[in-house]
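# Structure assessment
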Amino acid sequence: MSTVGVVAPVWAAALCAGGAAWLLAGRDRALRRARVVLGCGSAVPDGSAWWRAVAAASGRVRHEWWCLAGGAVVALLGESVVPLVVGAGGVPLIRRVRRARDARIAGERRAAEVIALCGTLAGEVRAGRQPGEALKAAVGGPDADAGGGAGLGEARAAVLAAARFGGDVPGALEAAAREPGAQGLLGLAACWRVAVDRGAGLAAGLERLEGALRSERDQRADLRAQLAGARSTAVMLAGLPVLGLLMGSALGAAPLRVLLHTGAGLGCLVVGGALEGAGVWWALRIVRGTEER
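Residues numbered from 1 in each chain as written. Predicted model: local features only at pLDDT ≥ 70, side-chain atom pairs only at ≥ 80, totals over all residues. Heavy atoms only, no water.

## What to know about the overall build of the protein
Looking only at helices and strands, one finds 14 helices and 0 strands in the protein. Listed by position from the N terminus, the elements making up the protein come as α-α-α-α-α-α-α-α-α-α-α-α-α-α. Relative to its full complement of 293 residues, the protein shows a buried share of 34%. Restricting to contacts in the protein with at least 6 residues of sequence separation, those with at least 24 account for 59%. (Helix = DSSP H or I, 4+ residues; strand = E, 2+ residues; numbered from the N terminus. Buried < 20%, exposed > 50% of the residue type's maximum accessible area, 1.4 Å probe, protein only. Contact = heavy atoms within 4.5 Å.)

## So, helix H8 (residues 156-165)
Restricting attention to buried positions, one finds in H8 the residues Arg156, Val159, Leu160, Ala162 and Ala163. Down the axis of H8, the sector holding all buried residues measures 160°, keeping them to one side. For H8, exposure combined with an orientation more than 90 degrees from the buried face picks out Ala157, Arg164 and Phe165. Gly166 sits one or two positions beyond H8 and adopts a positive phi of about 70°. (Arc of directions from axis to C-beta.)

## Regarding the environment of Phe165
Note that Phe165 resides in helix H8. Along the chain, Phe165 and Gly132 lie 33 residues apart, while their C-alpha atoms are 9.1 Å from each other.

## A short note on the pattern of salt bridges
Here the structure, examined in full by the defined rule, presents 10 salt bridges. Between Arg98 and Asp102 there is a salt bridge; the shortest N-O distance is 3.6 Å. Note that Arg98 and Asp102 are positioned in helix H5 (residues 82-126) at a spacing of 4 residues, about one turn of the helix. For Arg98, a relative accessible area of 11% corresponds to the buried category. Asp102 sits in the partly exposed class, given a relative accessible area of 32%. (Salt bridge = Lys/Arg side-chain N within 4 Å of Asp/Glu carboxyl O.)

## Brief notes about the confidence of the model for the protein
Overall, the predicted model of the protein reaches an average pLDDT of 74, with 72% of residues at or above 70. Mean pLDDT in the protein bottoms out at helix H2 (residues 29-39), which sits at 45, and peaks at helix H11 (residues 202-238), which reaches 87. In the model, residues 1-14 has pLDDT below 50 throughout and makes 22 contacts with residues more than four positions away in sequence or in other chains. (pLDDT = per-residue confidence, 0-100.)

## Some details on the packing of H8 against helix H9 (residues 169-176)
Two numbers describe how H8 lies on H9: the axes approach to 9 Å, and their chain directions differ by 170°. As far as their axial angle goes, H9 and H8 are roughly antiparallel. Each of Ala158, Val159, Ala162 and Ala163 in H8 lies in contact with H9, whose residues at this interface are Val169, Ala172 and Leu173. (Axes fitted to C-alpha atoms, helices over the stretch in contact; angles between N-to-C directions. Parallel < 35°, antiparallel > 145°, perpendicular 65-115°, else oblique.)

## Here's the deal with the nonpolar core
Soluble globular proteins tend to pack their nonpolar side chains together in the buried interior. By size, the foremost hydrophobic cluster in this structure holds 34 residues, and its most contacted members are Leu121, Leu135, Leu152, Leu173, Leu185 and Leu188. Looking at which element gives the most residues to this core, the answer is H5, with 7 residues. (Core = buried A, V, L, I, M, F, W, Y, C linked by side-chain atoms within 4.5 Å.)

## Digging into the side chain of Arg110
Among the secondary structure elements, Arg110 is positioned in helix H5. This buried residue, Arg110, is left without a salt bridge; Glu179 holds the nearest opposite charge, at 4.3 Å. Of the polar contacts made by the side chain of Arg110, one reaches the backbone oxygen of Pro180; its length is 2.5 Å. (Lys, Arg positive; Asp, Glu negative; His and termini not counted. Polar contact = N/O pair within 3.5 Å; in protein donor to acceptor, adjacent residues only side chain to side chain.)

## Re the packing of H11 against helix H14 (residues 263-292)
Packing of H11 against H14 brings their axes to within 10 Å, and their N-to-C directions diverge by 180°. In terms of their interaxial angle, H11 and H14 are classed as roughly antiparallel. Residues Leu223, Arg224, Leu227, Ala230, Arg231, Ala234, Leu237 and Ala238 of H11 form the contact with H14, whose own contacting residues are Glu276, Val280, Ala283, Leu284, Val287, Thr290 and Glu291. Its residues placed into classes, the contact of H11 with H14 shows 10 nonpolar, 1 polar and 4 charged. (Nonpolar A, V, L, I, M, F, W, Y, C, P; charged D, E, K, R; others polar.)

What follows is the structure, given as structure tokens:
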């Protein structure tokens, strides 16, 4: 096989592995910014319709299917079905990672909405409104509609009904707090109970609750920023075998052909892939455990 025929599939494998590592690291913000720039008429120069089409197509294709496409390319260039099987097996894994990331982002957005709800409700009470009227204004106003229901999710209607008709507002808030990221509503329900049963100041309690929730969110963001280096290092180390394949191809050793077309190479590929996957999983598990604690 010629040098081009050896290097091409290795480069394709490098692109596939790099894309998978990029997804595992959750680094799609640069892609979203690129899509925004490419989709904006004022930011795209003349003759770039092809790039806009590529950006639009990439937005419609789920990330996990790029793993299958990369495996198909490597299988075609390497004349082996093994990369295609590996790419197909990686689709459910990448889908699970994507869904977990989307759930985390949705939880963070809901937590921010709960903090904003506490601040808005405290302002309404400070302005002289009764708690029920203040809650209706904070939850049922246009700002709450734009913010996704002020963090209440599907329980928004129940909270509004309880506020309008004198129902169990704390109970409705506690039910809404079951959504991921809405745990701050438990503190709001406690403040409501204390204010109604004992006549304590609701606005002061809400302001303290808002400050505590903001402090907790800032601590989580700071911890995530500190752990970003460890996560990036783990993913980068996972890509070192691909660098070894590239160096071997540059030296003319044809490592991809050895791995895909010999028994010893297939054995090394299976064992190395298993160890590689276990190492990445263990490293990311340590990082996630630290975040949860």
